[in-house]
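Here's the letter readout for the chains.
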Amino acid sequence: QVQLVESGGGLVQAGGSLRLSCAAAGRSSSRYSISWFRQAPEKGREFVAAITRSTAGTVYAESVRGRFTISRGNAQNTVYLQMNSLKPEDTAVYYCAATLKQLSSASWYSRAQEYDYWGQGTQVTVTS
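All values derive from a computational prediction rather than experimental measurement.

Conventions adopted
Residues numbered from 1 in each chain as written. Predicted model: local features only at pLDDT ≥ 70, side-chain atom pairs only at ≥ 80, totals over all residues. Heavy atoms only, no water. Salt bridge = Lys/Arg side-chain N within 4 Å of Asp/Glu carboxyl O. Helix = DSSP H or I, 4+ residues; strand = E, 2+ residues; numbered from the N terminus. Buried < 20%, exposed > 50% of the residue type's maximum accessible area, 1.4 Å probe, protein only. Pairing = 2+ DSSP bridges.

Caption draft 1: Geometry of the pattern of salt bridges. Evaluated as defined, the whole model comprises six salt bridges. In this structure, Glu114 engages Lys101 in a salt bridge whose closest nitrogen and oxygen atoms are separated by 3.0 Å. Placement of Glu114 in the loop between strand E9 (92–99) and strand E10 (117–118) and of Lys101 in the loop between E9 and E10 is noted, with a sequence separation of 13 residues between them. Residue classification places Glu114 among the buried positions, given a relative accessible area of 10%. As a salt-bridge pair, Arg111 and Glu114 come within 2.9 Å of each other at their nearest N and O atoms. Overall, the relative accessible area of 35% leaves Arg111 in the partly exposed class. Sharing partners across several salt bridges, the network here consists of Arg38, Glu46, Arg67 and Asp90.

Caption draft 2: View of the pairing of strand E1 (residues 3–7). Burial along E1 is one-sided: Leu4 and Glu6 are buried, and none of Gln3, Val5 and Ser7, which face the opposite way, are. Two elements, E1 and strand E3 (residues 18–25), share five bridges in a ladder whose sense is antiparallel. The residue of E3 that forms the bridge with Val5 is Ala23.

Below is the structure:
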């Protein structure tokens, strides 16, 4: 199994930036595809971005494409979400999730049910 710990959340003004980290611990943790999801108050869990271990590569939700970048650190056991040009609607608890599945369609990485492991979440608040 793998344990995931998110960090880097905080309060930022609209237009600002934050970098979230998802630290993975466990055997073969670098082999997992990692995704970021977010959940705003009174909203369902929303896919944000994925960095996969398949030919899907990186996957982004349309709402964040061009503003957010997902990447792995040099040690391959940490995944980052660089969030630029933040908007108030980005306010949410951000969760990272991990799966060993190799999905044949990039869009399938946006399905929360595909992920076996989840972190505790980190709060991102963007003010107007």
